[in-house]
Each structure stands twice: as structure tokens, then as C-alpha cells.
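Here's the letter readout for the chains.
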Amino acid sequence: VSWVPGTDPPPTPLPSSSSRCPTGGDSALSQEALETLAEEAGFSGSEGRSLAFTRAASVLKALPGQLSALEEGQALGSGLSLSLGQDVLEDGVSVEVERVKLSERYRTMKLFTKIFGVGVRTASRWYQEGIRTLVDLQERNTKLTRQQQAGLQHYEDLNTPVERGEAESIGRMVQEAVQRFLPGASVTLAGGFRRGKPRGHDVDLLLTHPEAGREAGLLSAVCLSPHQGLILYQHSQENSFALHEGPEPPGGRDVLDRFERCFSIFRLEVQGRPGAARGWKAVRVDLVVAPVGQFPFALLGWTGSRHFERELRRFAGHERKMVLNSHTLYDTRLNLFLPAASEEEIFQHLGLEYVPPTQRNA
Ligand code: GTP
Ligand code: MN
Ligand code: MN
């Protein structure tokens, strides 16, 4: 079975009354427009609507070339029409997207949620308190967590894309530190860079050791001790995964995973940075440690994209009655864990053709 997430046909046919494009006559429907609407829905706490727009955006991405408004509408399905609402359908999506982009709430929420450590809830509370700018935040002595303080302090750097070369340098830095502490351990670049993206918002690194158990404690060694001055911020979390607890129930809490991990900000030396007074840049780095037996699952989970993972897990649950997470794959009909030594084997267990990382960008 060959499968690309987000390209399943719509579950229900379009109602005949909307045999025209469900997005208004102007058909200014772009992936970017849908992403803006998804973001805005998320800011208003409408997760369902947000997901509908995100799905539609990736369907659009996967569609070949130019389509007529009708074909586009059919591919996107009626869920989108419902999410957009009748007035938007009549006025056209581009009008709605412009309205959203100009609204004070959207702009402020976007500004605040771009602070490392600030989510929709916090941003929304600040907005309600009348805070509108980063300067407001500082001047009003708003209570900030240590993470948010670091986020605010490095706001510009952390909102400047990380280039592939920078990600690779950080990978090498961590590799050196890891080798010093535990020879034989490996460091793998995951996240968007593994999917071939030229730049990203952070660097995702996955650590393991070929001998199970040896990896324990590796993270604190890397994050806490060696290269002083290179890590501007970090908070670590210990491994809390125990196999004997069994898998999370399908559709249960969306706990991403329970590996030993470290969310950090590295200080990366950069040469000849145009327009920069200093020779370094703050870069967000996620470090995750997986025991070798769970490594393929962790790699699959941390390679993303988020949307790909969500759809793959949904497929596993709905079509195969299996629970897939970043630790294991569990077959609920056979009541057993399905081990895998590679990502390829996970796809085999799921009865899917292998999808290489570069095709997981949906
Ligand atoms: P950019 O970093 O924005 O370039 O894109 P990215 O795809 O690398 O996104 P991100 O770094 O946020 O996440 C990378 C992958 O790791 C995504 O597939 C996420 O689903 C996954 N991920 C992020 N946080 C967690 C987490 O806490 N647990 C697990 N299991 N996966 C996570
Ligand atoms: Mn990333
Ligand atoms: Mn990340």
C-alpha cells in the first residue's frame, strides 16, 4: 500500500449546492492562506477548526499543479467549507485572511507565541491584560518563567531561521561532547533537517548507544557539564517511560513521549554574520536520548513533520488497530509489541511502503 498522509479522499462528497469552489469565487486559496487560518483558529482555542485548515493546507500542497476551482474544492472536501463558515464562503477567503492578518489580536498573539516558552494560553492572558508589545512585557514586570526570560532575551536570534550549516555545526559540537563522555554513542540530526529542509526553527538531535542501558545519564553529561558558556539555557527532563505500563490507550492523552530530553539554547559561534555586531547567535536545540531498542521509533517520531506523525498514528490506530508512538508499536489485536530495528521495519509492520524522510514534509 502506498500512502501519503493528507491525501485521503474527503470522507463525504461536497454538497451539490457548493459545486463551486468552497472558498469563494476569487479562489485565492493558497497554502499560506490556510495556514494563517489554522493559526488564527489555534489562537482562539478552536483546535478542531485549526486541524481542518492544517489538513486542507497539506492536501493543497500535495495536489499536482494548477487545478480548477472545482477540482480544488472537491479535493479539499466539505469539512473545509464547514470550518470557513457561510459568510467567508460568500466574501471569499482572501478577504477573511486579510481581516485576520490585520487584527490586533492575531498580530499580538503571533508576537507573543514566538517567544520560546510562551503558548496560546499565556499569550492570550497577556493580551487580555492589555499587553501588546515586548517592551510592555518588560516594563510591566510581567512574571516570566526562566524559559520565557531566555526566550525574550534571545527573541531575535530565535526567530531567525537556523541554516543547515549551523545545524550541522551544532551536531558536531554535541557529537564531540558525547564522545568524550561515552565513546560509541551516536548523534543523529532529526526534525526538519532530516526531511531535507534547508532551514528550520531549531536543531533536533537524537542520541543513542548501541548497547542498551549505556545511554542512561548521557544527556545530563552533555547538557550540564562540559562546554561551559556554550549553553545559554537548558531544562532537562528524565526518562519516565516504562514498558511494563503498556501503551497509552489509542486516542488517549497526546503525550508525545517520555524520553530523557533537554530543551536548550546554544551559543553558536558564527563568522562574518552580515550586520551583526557580535560573532555568535543563539540557537534552539532539542536533545533527546533513546535506548537503542526504541531508537527507530524515536527517529520516526522526531523526524516529523508534525502533520505526518499525526496522520501516520491515526492510520495505525484506525486501519491497523495498532498504537504507534515514539517508543513502540503495539498491536492491540495480537496484544503484543512489534519490535523494529529500523524505520523500514516499522512501515512494514504497518503494511505500508516505506516513506523516506524527504517525503514526510506534508
Ligand atoms: P522546524 O524545527 O520548525 O524547522 O520543524 P520541525 O519539523 O523540525 O519541528 P519540531 O522541531 O517542532 O519537531 C520535530 C519533530 O519532533 C516533529 O515531528 C514533532 O512532532 C516532534 N516533536 C516535537 N516535540 C516533540 C516531543 O516533545 N515529543 C516527541 N515525540 N516528538 C516531538
Ligand atoms: Mn525542528
Ligand atoms: Mn524541535
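The text that follows walks through the structure, step by step, so that each part is easy to find. (Residues numbered from 1 in each chain as written. Chains lettered and ligands numbered in written order. Predicted model: local features only at pLDDT ≥ 70, side-chain atom pairs only at ≥ 80, totals over all residues. Heavy atoms only, no water.)

1. Details of helix H1 (residues 31–43)
Given 3.6 residues to a turn, an α-helix orients residues that are three or four positions apart in the same direction. To keep it simple, the criterion reads: Secondary structure counts use DSSP, requiring at least four H or I residues in a row for a helix and at least two E residues in a row for a strand, with both numbered from the N terminus. Expected span, for any helix, means 1.5 Å times one less than how many residues it has. Relative accessible area decides the class of each residue, using a 1.4 Å probe on protein chains only: under 20% of the type maximum gives buried, over 50% gives exposed, and in between gives partly exposed.
Its 13 residues give H1 an end-to-end C-alpha distance of 18 Å, which sits within 8% of 18 Å, the value for a rise of 1.5 Å per residue. For H1, every residue scored as buried is listed here: Ala33, Leu34, Thr36, Leu37, Ala38, Glu40, Ala41, Gly42 and Phe43. Phi turns positive one or two residues past the end of H1, at Gly45, with a value near 80 degrees.

2. Side note on the state of the cysteines
For clarity, the cut-off: Count a disulfide wherever a pair of cysteine sulfur atoms falls within 2.5 Å.
Under the defined criterion, the tally for this structure stands at one disulfide. One disulfide in the model links Cys223 with Cys262; its S-S distance is 2.2 Å. Of note, the bridge from Cys223 to Cys262 carries an S-S torsion of about -95 degrees and is left-handed in sense. Here the residue Cys223 occupies a position in helix H14 (residues 218–224), and Cys262 occupies one in strand E6 (residues 260–269), the gap between them amounting to 39 residues. Each member of the pair Cys223 and Cys262 is classed as buried.

3. Some remarks on the coordination of the manganese ion (ligand 2)
In plain terms, the rule: With water excluded from the atoms, a metal site may look incomplete; its donors are any N, O or S atoms within 2.8 Å, or within 3.2 Å for Na, K and Ca.
The manganese ion (ligand 2) binds to the protein through Asp202 (OD) and Asp204 (OD); the donor distances cover 2.0 to 2.1 Å. Taken as a pair, the manganese ion (ligand 2) and the manganese ion (ligand 3) show a spacing of 3.6 Å, with Asp202 coordinating each metal. Of the residues examined, Asp204 reaches a relative accessible area of 10% and is grouped as buried.

4. Re the coordination of the manganese ion (ligand 3)
Taken together, Asp202 (OD), Asp204 (OD) and Asp286 (OD) make up the full set of protein donors to the manganese ion (ligand 3), lying 2.1 to 2.3 Å away. Mapping the donors of the manganese ion (ligand 3) onto the primary sequence yields the spacing D-x1-D-x81-D.

5. Section: the pairing of strand E4 (residues 203–208)
Look at any regular strand and the pattern is simple: side chains alternate between the two faces of the sheet. Quick note on the threshold: Strand pairing requires that DSSP identify at least two bridges connecting the strands.
Judged by how many residues are buried, E4 sits mostly within the fold: six of six residues are covered. Of the two faces of E4, the one lined by Val203, Leu205 and Leu207 and the one lined by Asp204, Leu206 and Thr208 are each fully buried. Summarising the sheet, strand E2 (residues 186–189) and E4 pair through four bridges and their orientation is antiparallel. Looking at the pairing, Leu189 lines up with Leu205 of E4. Judged from the five bridges that link them, E4 and strand E7 (residues 280–289) form a sheet pairing that is parallel. Bridge pairing in E7 links Leu205 to Leu287.

6. Topic: the packing of H1 against helix H6 (residues 93–102)
Here is the rule: Only the stretch in contact is used when fitting a helix axis, every axis being a line fitted to C-alpha atoms; angles between N-to-C directions are given from 0 to 180 degrees. Our angle categories are set so that under 35 degrees counts as roughly parallel, over 145 as roughly antiparallel, 65 to 115 as roughly perpendicular, and the remainder as oblique. Take the far helix as your reference; a near helix turned counterclockwise from it by less than a right angle gives a left-handed crossing, and one turned clockwise gives a right-handed crossing. Residue contacts are defined here by distance: any two heavy atoms, one from each residue, within 4.5 Å place the two residues in contact. The nonpolar class holds Ala, Val, Leu, Ile, Met, Phe, Trp, Tyr, Cys and Pro. Asp, Glu, Lys and Arg form the charged class, and all remaining residues, Gly among them, are polar.
Remark: H1 packs on H6, axes separated minimally by 10 Å, with the N-to-C direction vectors making an angle of 50 degrees. With respect to their mutual orientation, H1 and H6 come out oblique. The handedness of the crossing between H1 and H6 comes out as left-handed. Packed against H1, whose contacting residues are Glu32, Ala33, Thr36, Leu37 and Glu40, the element H6 presents Val93, Glu96, Val97, Val100 and Lys101 at the interface. Tallied by class, the residues present in the contact of H1 with H6 amount to five nonpolar, one polar and four charged.

7. Considering the environment of Ile231
Among the structural elements, Ile231 can be located in strand E5 (residues 231–237). On a C-alpha basis, the gap between Ile231 and Val283 in space is 9.5 Å, while along the polypeptide they are 52 residues apart. With near-sequence residues (within four places) excluded, Ile231 lies in contact with Val222, Cys223, Ser264, Ile265 and Phe266.

8. Looking at the sheet that holds strand E10 (residues 336–337)
Hydrogen bonding along the main chain pairs the strands of a sheet, whether they run parallel or antiparallel. Taken together, three strands build an open sheet; the order of strands is E8-E9-E10 and the sheet is antiparallel. The open sheet has two edge strands with one neighbour each: strand E8 (322–324) and E10. Strand direction decides the pairing type here: strand E9 (residues 329–331) and E10, joined by two bridges, are antiparallel. Note on E10: the bridge partner recorded for Tyr330 is Phe337.

9. Notes on the sheet that holds E5
Pairing in this open sheet of five strands is mixed, and the strands run E2-E4-E7-E6-E5 from one edge to the other. In this open sheet, the two strands that pair with only one neighbour each are E2 and E5. Each strand of the sheet is rotated relative to its neighbour by a mean of 25 degrees, with strand direction disregarded. Summarising the sheet, E6 and E7 pair through 10 bridges and their orientation is antiparallel. By the bridge assignment for E7, Cys262 is matched with Leu287. This element, helix H10 (residues 146–153), spans E5 and E6 of the sheet and lies at about 150 degrees to E5.

10. Points about the side chain of His307
Applied cut-off: In protein, a polar contact means a hydrogen-donor-capable atom and an acceptor-capable atom, both N or O and within 3.5 Å, with residues adjacent in sequence counting only if both atoms are side-chain atoms; elsewhere, any N or O pair within 3.5 Å suffices.
You can see His307 is positioned in helix H16 (residues 306–320). By relative accessible area, which is 5% here, His307 ends up buried. At 2.9 Å, the side chain of His307 and the side chain of Ser58 are in polar contact.

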